[in-house]
There are 2 protein chains.
Amino acid sequence: MRKRIVRAFAPATIANLGPGFDVLGLAIDRPGDFVTAARQLDPSLTFSVRGKERTVPSDARKNVASFVAQLMLDEFKPPFGIQLVLDKRMPIGSGLGSSAASSVAAAAAVNALLPKPLKRHELLRFAIEGERLASGAMHADNVAPSLLGGACLVRSYDPLEVVRIPVRNTIFWVVVHPHMEVRTEEARNILPTSVPLEKAIHHWGNVAGLTIGLSTGDAALVGRCVADEIVEPVRSSLIPGFHDVKKAALAAGATGCSISGSGPSLFAVAPSRSAAKKIGAAMKRQFATSSRVACDVYLSRVNMEGTRVGWRQ
Amino acid sequence: MRKRIVRAFAPATIANLGPGFDVLGLAIDRPGDFVTAARQLDPSLTFSVRGKERTVPSDARKNVASFVAQLMLDEFKPPFGIQLVLDKRMPIGSGLGSSAASSVAAAAAVNALLPKPLKRHELLRFAIEGERLASGAMHADNVAPSLLGGACLVRSYDPLEVVRIPVRNTIFWVVVHPHMEVRTEEARNILPTSVPLEKAIHHWGNVAGLTIGLSTGDAALVGRCVADEIVEPVRSSLIPGFHDVKKAALAAGATGCSISGSGPSLFAVAPSRSAAKKIGAAMKRQFATSSRVACDVYLSRVNMEGTRVGWRQ
C-alpha cells in the first residue's frame, strides 16, 4: 500500500565551523524543522505554515519548503497533488541553517511520496534551490549535512561535489542561540574581498587540523583549529557580547568557540557531555549579562543520520 | 656495549601537496640522504661530504647536517666528539626536501650516539634549525614527515605543532625530478602577498578534501584536490615544460599533478602501481620533449617510517 502522509525532520547545522568558511558544516540533533506532506487528488500544491516560528513567508512561491516541493512536482509530475505543512521550529537568521532545514525536510517529505523516490543524495540539488531562494546564492554547507547527516565538505559547486568527512563521534557541540537576528546577506557584505597570504596559510592549516580532529575525535585539536582570523573578526561585530561569551565558553572548559554560520548563534567544542553542560550554561549567563538577551542552548554530538522520514498510511 | 658508529637514512618529502602550501608534507621511500656518525676521542665535530651530490657546502658551519650535529653537541655535551659523514644522495634545489633530509639524518645519527637519546619527535627542533640555515626561514613541512614518516600537518610554528594525518596507504605517488635547479628563495619571492577570498575558499576546500582523501585512500579525491590556483600558477613559470608534463601525467592516468615543494620536481597521484609506472614514464618523456632535460623518476607509497637508524659496534 502506498504511503499517503509522511512527516520529515531535518536537523539544524553548524556551518563554517570556524576556518571552514563556505565549505564545512555538520548536523546536530536539535533544533530542526518538520514538514508534513500528504497526497491530494487536486494536482496542485497547497501550503501552510505552523509552529512557533511563523515569521517565515506563507506564500508558497516565497517559502523555501513549498518552493522546493513545487520544483520536485514540476520535474516528476506525479499523478497527484501535495498538501504541504511546514512545522517551523527553527528561528530564521539564527546561523543554524534554518532555511536549509526547511528545504531539506520538504525535499525528503515530497520524495517519500513519489512513486519512484530518489536516493537521498539526489535530493541535494533540489534542497540547494531552496537555499538559493533564501539567500540569493548557491550554498550547500548547511543543506548537505542536514540532508546526509555527519560532517560534510562542499568541495566544489561546479560540478557540485560534497564529501562526507569521517567522524569519530566523541566530541560534544554546544550551540547557543541568542534571540537576535543577523541577516545572512549583511553578514556576507562585510567580508573582506581578499586576505593576506600569511593568514590564508594559517587558515588552511586549521582546516586540515579540523578535518583530522573530526576523524580522530580529538576535541583539543578541533578546538584549537576553530580559530578564524578572517571571517570571525568582522562578523563578530554584528553579535553584541561575542567576545565576552567566547571567553566564558573557554573559561568553562570549551577547547574552542566561534560563530555558527553567519551568526548570531555561537558554537563551542566540548570534550564531554558534562563539560558541554557547563559551557552552555556559562555562555547563556554571559549573553544575559553582556547583551541582556535570552538564549536557547543545544548540546549534541554530530547527528550522523541527517533528515529522517516517518509515515502514516 | 655502547654504539660507536651509526648510519641514518632520512627520506625525501613532497611538501605543499598542491593546496597545502607551507602546512602539508609527506614522506616517500626514495630518494633520501644518509649520515654516518662515529664517536671520536677528540671532543670536536669533524665533517665531510661524499655521495653523488657534492655541490653542498663541506664547511661544517655552512652544511645543514654538521650545523644540526653541532647544535646537539653544544646542548648535550656528550663525553666524546663526533665524526660525521654526509652521504649526499639528494640533489639540492629539487623540491624534494633535500636540506630537510640531511638535517633529519644528521639529527637521527647523532641522537643514536647520545648516552640518553631523545625521542624522535624531540629531534624536530634541531632539524628545523638546519632548515632555517638552508632557507633563512623556519619551515617544518619537509622536516616533519622526513623525521616522523607519514603525512604531516604543520598547524602552527609558535608554538610548533605538528599533527600526523591518518593515512590509508593505497595511493601511489609519482615524483619526477628534472635536472634543473629552482632556488627556494626565488620561488618564494614571486608569491602573491594576498589572495582573493573566493580563491582562498576554494583552496581550503581542497585542503580539507586532500586530508580526507589521504585518510580514506581515495586517489580520485586526492587527485582532484591537489589543484592549486594560488601558488602553482606563479611557480610553474620557473619550470620549463610544466604545463605539458602535467597534461602528460593526467593523460597517462594521474588523478592529479602539481609541484613538489618549490619545484622543479613534480608529483602525480596514481591509483595503482601499474598506473604510477605509466605516469612516471610519460612525464619523463614529456620533460625530454618539451624542455630537453633528463629526469629521475621515483614511485612510492607514503613512507610511514620516516628516518631510520642502523648501527655497527
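Owing to the predicted nature of the structure, the values given are computational and were not obtained by experimental measurement. Sequence order as written defines residue numbering, which begins from 1 separately in each chain. Chains and ligands are labelled sequentially in the order written, the chains with letters from A and the ligands with numbers from 1. Local features in a predicted model are, by the rule used here, given only for residues with pLDDT of at least 70; side-chain atom pairs are given and counted only at 80 or more, and totals for whole chains, interfaces and linings are based on all residues.

**Considerations on helix H9 (residues 242-251) of chain A**
Residues and elements named next belong to chain A.
So, step 1. Within H9, the full set of buried residues consists of Phe242, Val245, Lys246, Ala248 and Ala249. Down the axis of H9, the buried set is contained in an arc of 160°. They therefore lie on one face. The exposed residues of H9 that point more than 90 degrees off its buried face are His243 and Ala251.
So, step 2. Contact between two residues is assigned whenever their backbone-derived C-beta positions fall within 7 Å. Each helix corresponds to a stretch of at least 4 residues labelled H or I by DSSP, and each strand to a stretch of at least 2 residues labelled E; elements are numbered beginning at the N terminus. The inward-facing, buried residues of H9 abut strand E9 (256-259), strand E10 (266-270) and helix H10 (273-291).
So, step 3. Downstream of H9 by one or two residues, Gly253 has phi in the positive range, about 115°. With C-beta atoms placed from the backbone, the exposure class of a residue follows from how many other C-beta atoms lie within 10 Å of its own: 20 or more, buried; 12 or fewer, exposed; in between, partly exposed. In this context, the arc is that of the directions from the helix axis out to the C-beta atoms.

**Comments concerning the interface of chain B and chain A**
So, step 1. At the junction of the two partners, chain B supplies 33 residues and chain A supplies 33 residues.
So, step 2. At the level of elements, strand E5 (151-157), strand E6 (160-165), strand E8 (194-196) and helix H6 (197-216) of chain B are the ones that each hand at least two residues to the side of chain B that touches chain A.
So, step 3. At 14 residues, H6 of chain B tops the list of elements feeding residues into the side of chain B that touches chain A.
So, step 4. As a working rule, the residues Ala, Val, Leu, Ile, Met, Phe, Trp, Tyr, Cys and Pro are called nonpolar, Asp, Glu, Lys and Arg charged, and the rest polar, with Gly in that last group. Of the residues that constitute the side of chain B that touches chain A, the class distribution is 21 nonpolar, 10 polar and two charged.
So, step 5. Note: two strands are recorded as paired if DSSP finds a minimum of 2 bridges between them. Pairing between strand E8 (residues 194-196) of chain A and E8 of chain B: three bridges, direction antiparallel. Bridge assignment links Pro196 of chain A to a residue of E8 of chain B, and that residue is Ser194 of chain B.

**Structural notes on the relation of the copies chain B and chain A**
So, step 1. Residues below a pLDDT of 70 in either copy are left out; the C-alpha atoms of the rest, at least 70 in both, set the least-squares superposition of the copies. Aligned on chain A, chain B shows an RMSD of 0.0 Å; the corresponding rotation is 180° and the shift along the axis is 0.0 Å. The two molecules are tied by a two-fold rotation axis, judged by turn and shift.
So, step 2. By residue overlap, the copies meet face to face through one surface: 100% of the interface positions of chain B are interface positions in chain A.

**What about the nonpolar core?**
So, step 1. We define a nonpolar core as a collection of buried residues of the types Ala, Val, Leu, Ile, Met, Phe, Trp, Tyr and Cys that are connected via C-beta atoms lying within 7 Å of each other. Residues Ala105 and Val174 of chain A together with Ala105 and Val174 of chain B are the most contacted members of the largest nonpolar core, which totals 217 residues.
So, step 2. Once residues within four sequence positions are removed from consideration, Val174 of chain A is found in contact with Ala254, Phe267, Ala268, Ala270, Ala276, Ile279, Gly280, Met283 and Leu299 of chain A.

**Re the sheet that holds E10 of chain A**
Residue and element names in this part refer to chain A.
So, step 1. Reading across from one edge, E9-E10-E7-E11 is the order of the four strands in this open sheet, with antiparallel pairing throughout. The open sheet is flanked by E9 and strand E11 (295-300), the only strands paired with a single partner. Neighbour-to-neighbour, the strand axes of the sheet open up by a mean angle of 20°, direction not taken into account.
So, step 2. Bridge count for strand E7 (residues 172-178) against E11 is six bridges, and the pairing is antiparallel. When the bridges of E11 are listed, Val176 appears paired with Val297.
So, step 3. Angles run from 0 to 180 degrees between N-to-C directions of axes, and those axes are lines fitted to C-alpha atoms, restricted for helices to the stretch in contact. The strands that H10 touches are E7, E10 and E11; relative to E7, the one it contacts most, it runs at about 20°.

**Some words on the domain arrangement of chain A**
Reports of interface size often rely on the accessible area that becomes lost once the parts have come together.
Residue and element names in this part refer to chain A.
So, step 1. The split into domains, and so the bounds of each, comes from an automatic or database assignment of domains. According to the domain assignment, chain A contains domain 1 (5-165 + 306-312) and domain 2 (172-300).
So, step 2. Domain 1 and domain 2 are separated by 25 Å when their C-alpha centres are compared.
So, step 3. Counting residues per element, the ones that place at least two in the side of domain 1 that touches domain 2 are strand E1 (5-15) and strand E2 (24-40).
So, step 4. The leading source of residues in the side of domain 1 that touches domain 2 is E2, at four residues.
So, step 5. Its residues placed into classes, the side of domain 1 that touches domain 2 shows 11 nonpolar, nine polar and two charged.

**What to know about the packing of helix H2 (residues 98-113) of chain A against helix H3 (residues 124-135) of chain A**
Residues and elements named next belong to chain A.
So, step 1. Interhelical geometry of H2 versus H3 gives an angle of 145° and a closest axis separation of 8 Å. By crossing handedness, the relation of H2 to H3 is classed as right-handed. Residues Ser99, Ala100, Ser102, Ser103, Val104 and Ala107 of H2 form the contact with H3, whose own contacting residues are Phe126, Ala127, Gly130, Glu131 and Ala134.
So, step 2. Among the residues making up the contact of H2 with H3, the classes are represented as six nonpolar, four polar and one charged. Note on convention: the crossing is left-handed when the near helix lies turned anticlockwise from the far helix by less than a right angle, right-handed when the turn is clockwise.

**Observations concerning the environment of Ser103 of chain A**
All names here are of chain A.
So, step 1. Note that Ser103 resides in helix H2.
So, step 2. Sequence spacing of Ser103 and Ile128 is 25 residues, and the spatial spacing of their C-alpha atoms is 7.6 Å.
So, step 3. Once residues within four sequence positions are removed from consideration, Ser103 is found in contact with Val64, Ala65, Val68, Ala127, Gly130, Glu131 and Val143.

**Remarks on helix H1 (residues 64-76) of chain A**
Residues and elements named next belong to chain A.
So, step 1. Here the expected span of a helix is defined as 1.5 Å times the quantity of residues minus one. Its 13 residues give H1 an end-to-end C-alpha distance of 18 Å, which sits within 8% of 18 Å, the value for a rise of 1.5 Å per residue.
So, step 2. Burial in H1 covers these residues: Val64, Ala65, Ser66, Phe67, Val68, Ala69, Gln70 and Met72.
So, step 3. Looking at the buried residues of H1, the elements they touch are E2, strand E3 (45-50), strand E4 (81-87), H2 and H3.
So, step 4. Just downstream of H1, Lys77 is the residue with a positive phi angle, here 40°.

**Remarks on the sheet that holds strand E10 (residues 266-270) of chain B**
All names here are of chain B.
So, step 1. Pairing within the open sheet is antiparallel, and its four strands lie in the order E9-E10-E7-E11. If you trace the sheet from one side to the other, it starts and ends with strand E9 (256-259) and strand E11 (295-300), each paired once. Averaged over all pairs of adjacent strands, the angle between strand axes in this sheet comes to 20°, irrespective of strand direction.
So, step 2. Against the sheet, helix H10 (residues 273-291) contacts strand E7 (172-178), E10 and E11, and its axis sits at roughly 20° relative to E7.

**Side note on unusual backbone geometry**
So, step 1. Cis geometry marks the peptide bond from Arg30 of chain A to Pro31 of chain A, where omega comes out at -5°.
So, step 2. Along the chain, Pro31 of chain A turns up in strand E2.
So, step 3. Residue Pro159 of chain A is bonded to the preceding Asp158 of chain A through a cis peptide linkage, with omega at 5°.
So, step 4. With respect to the helices, strands and loops of the structure, Pro159 of chain A is situated in the loop between strand E5 (151-157) and strand E6 (160-165).
So, step 5. One non-glycine residue, Asn16 of chain B, lies in the positive phi region at around 80°.
So, step 6. As for its placement among the helices and strands, Asn16 of chain B is situated in the loop between strand E1 (5-15) and strand E2 (24-40).
So, step 7. By the C-beta count within 10 Å, which is 26 here, Asn16 of chain B ends up buried.
So, step 8. For Asp22 of chain B, which is not glycine, the phi torsion reads 70° and is therefore positive.
So, step 9. Topologically, Asp22 of chain B is positioned in the loop between E1 and E2.

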